[in-house]
Amino acid sequence: MIDIKNLSKKFGEIEVLKDLNLEITKGGVFAILGPNGSGKTTLIKSFLGMIIPDKGTIDYNGKSVLGEWEYRTNISYLPQIANFPNNLTVSELINMVKNLRNKDTNEDELIDLFKIEKFKNKKLGVLSGGTKQKVNLVLSFMVDTDIIILDEPTTGLDPVSVISLKELIEKEKNKGKTILITSHIINFVEEVSDDIIFLLDGKIYFKGSIALLKEQTNNTNLEMAIANLILKQYD
Ligand SMILES: Nc1ncnc2c1ncn2[C@@H]1O[C@H](COP(=O)(O)OP(=O)(O)OP(=O)(O)O)[C@@H](O)[C@H]1O
């Protein structure tokens, strides 16, 4: 499905991705983890064509994505920081994205799930951070795509909304979708993810189930297991 080989990307002198290899062959929820600045967003944006790698190949369903755009119609993406036009209302933004995506959407269900009906006619500029994130989530989940990429999806959400988000992720996963998530909230990661993809020093340092990660790091606590990976204290 997704096959990344020898992916390298430098920003100036900083080598963020160094001959990175990653293969995702099945549906499920994959948590892309790693310390701040380890290249998680760079990896995601390279797959989305928002960053041009210096070297390497990225294939999706057997075809290179480099320089292509059509494959993106099958991907939904929640950016880490959404820059919405402040003068648009929530409804106007949703309609704008609907027109751009030109696919069936289920925004009403999601507006109901995140309880943002009363904000539909409010301008984005006056919304709280958490409400903006809920709008961001509606935009990301409303189109039916095979891949959903969520960069820090819990940012600003209250506990009730996090529970709704978990249910939503579970529901989409059960449809056979591939969901890639970055998050520093380990409880959330543990509850929603099947596999961990851990980035360190520009490469995939670990890829596998949470159970395997705990076993390999000799730690029953996922937060400690991740901390040990970051500190390279497990071998
Ligand atoms: N457009 C850019 N120009 C210059 N440097 C960049 C750019 N984008 C990312 N970087 C640098 O690349 C490195 C990796 O950034 P990236 O955002 O991919 O990390 P991350 O793992 O997603 O981090 P975080 O956990 O903090 O969100 C950082 O040092 C960052 O400053």
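Residue numbers run consecutively from 1 along every chain, following the written order of its sequence. Local features in this predicted model are restricted to residues of pLDDT 70 or higher, and side-chain atom pairs are both shown and tallied only at a pLDDT of 80 or more, whereas totals for entire chains, interfaces and linings draw on every residue.

As named in an unreviewed UniProt entry, the protein chain is ABC transporter ATP-binding protein, taken from Flammeovirga pectinis.

Turning next to the sheet that holds strand E2 (residues 14-24). Strand pairing requires that DSSP identify at least two bridges connecting the strands. Here a helix means four or more residues in a row that DSSP labels H or I, a strand means two or more in a row labelled E, and each is numbered from the N terminus. Spatial ordering of the open sheet is given by E2-E1-E4-E5, a layout of four strands whose pairing is antiparallel. Looking at which strands have only one partner, the edges of the open sheet turn out to be E2 and strand E5 (63-64). The pairing of strand E1 (residues 2-11) with E2 spans seven bridges and is antiparallel. Bridge pairing in E2 places Lys-10 opposite Glu-15. With respect to the sheet, helix H1 (residues 40-48) is in contact with E1, E2 and strand E4 (55-60), its orientation differing from that of E1 by roughly 115°. Throughout, a residue-residue contact means that the two C-beta atoms, derived from backbone geometry, are no farther apart than 7 Å. Angular values range over 0 to 180 degrees, each being the angle between N-to-C directions of two axes fitted as lines to C-alpha atoms, with helices fitted over their stretch in contact.

This brings us to the packing of helix H2 (residues 90-101) against helix H4 (residues 129-141). Remark: H2 packs on H4, axes separated minimally by 10 Å, with the N-to-C direction vectors making an angle of 25°. Looking at the two axes, H2 sits roughly parallel to H4. Crossing hand, H2 versus H4: right-handed. Between H2 and H4, the contacting residues are Val-90, Leu-93, Ile-94 and Val-97 on the first element and Val-135, Val-138 and Leu-139 on the second. Under the scheme applied, nonpolar residues are Ala, Val, Leu, Ile, Met, Phe, Trp, Tyr, Cys and Pro; charged residues are Asp, Glu, Lys and Arg; polar residues are all the others, including Gly. Each residue belonging to the contact of H2 with H4 can be placed in one class, and the counts come to seven nonpolar, no polar and no charged. Our angle categories are set so that under 35 degrees counts as roughly parallel, over 145 as roughly antiparallel, 65 to 115 as roughly perpendicular, and the remainder as oblique. Take the far helix as the reference: if the near one is turned anticlockwise from it by less than a right angle, the crossing is left-handed, and if turned clockwise, right-handed.

Proximity of a residue to a molecule or strand is defined by its backbone-placed C-beta atom lying within 6 Å of that partner. Around the ligand sit Phe-11, Ile-14, Val-16, Gly-34, Asn-36, Gly-37, Ser-38, Gly-39, Lys-40, Thr-41 and Thr-42, and those are all the residues in its vicinity. Secondary-structure elements contributing two or more residues to the shell around the ligand are E2 and H1. Broken down by element, the shell around the ligand gets its largest block of residues, three residues, from H1. Of the residues that constitute the shell around the ligand, the class distribution is three nonpolar, seven polar and one charged.

A separate point is unusual backbone geometry. Not every positive phi belongs to a glycine, and Asn-102 is a case in point at roughly 55°. Mapped onto the elements of the fold, Asn-102 is located in the loop between H2 and helix H3 (107-113).

Once that is clear, we can look at the packing of helix H7 (residues 210-217) against helix H8 (residues 222-230). Interhelical geometry of H7 versus H8 gives an angle of 60° and a closest axis separation of 9 Å. Classified by chirality, the crossing of H8 by H7 is left-handed. Counted together, Ile-210, Leu-213, Lys-214 and Thr-217 of H7 and Leu-222, Ala-225, Asn-228 and Leu-229 of H8 form the full contact between these two elements. Of the residues in the contact of H7 with H8, the class split is five nonpolar, two polar and one charged.

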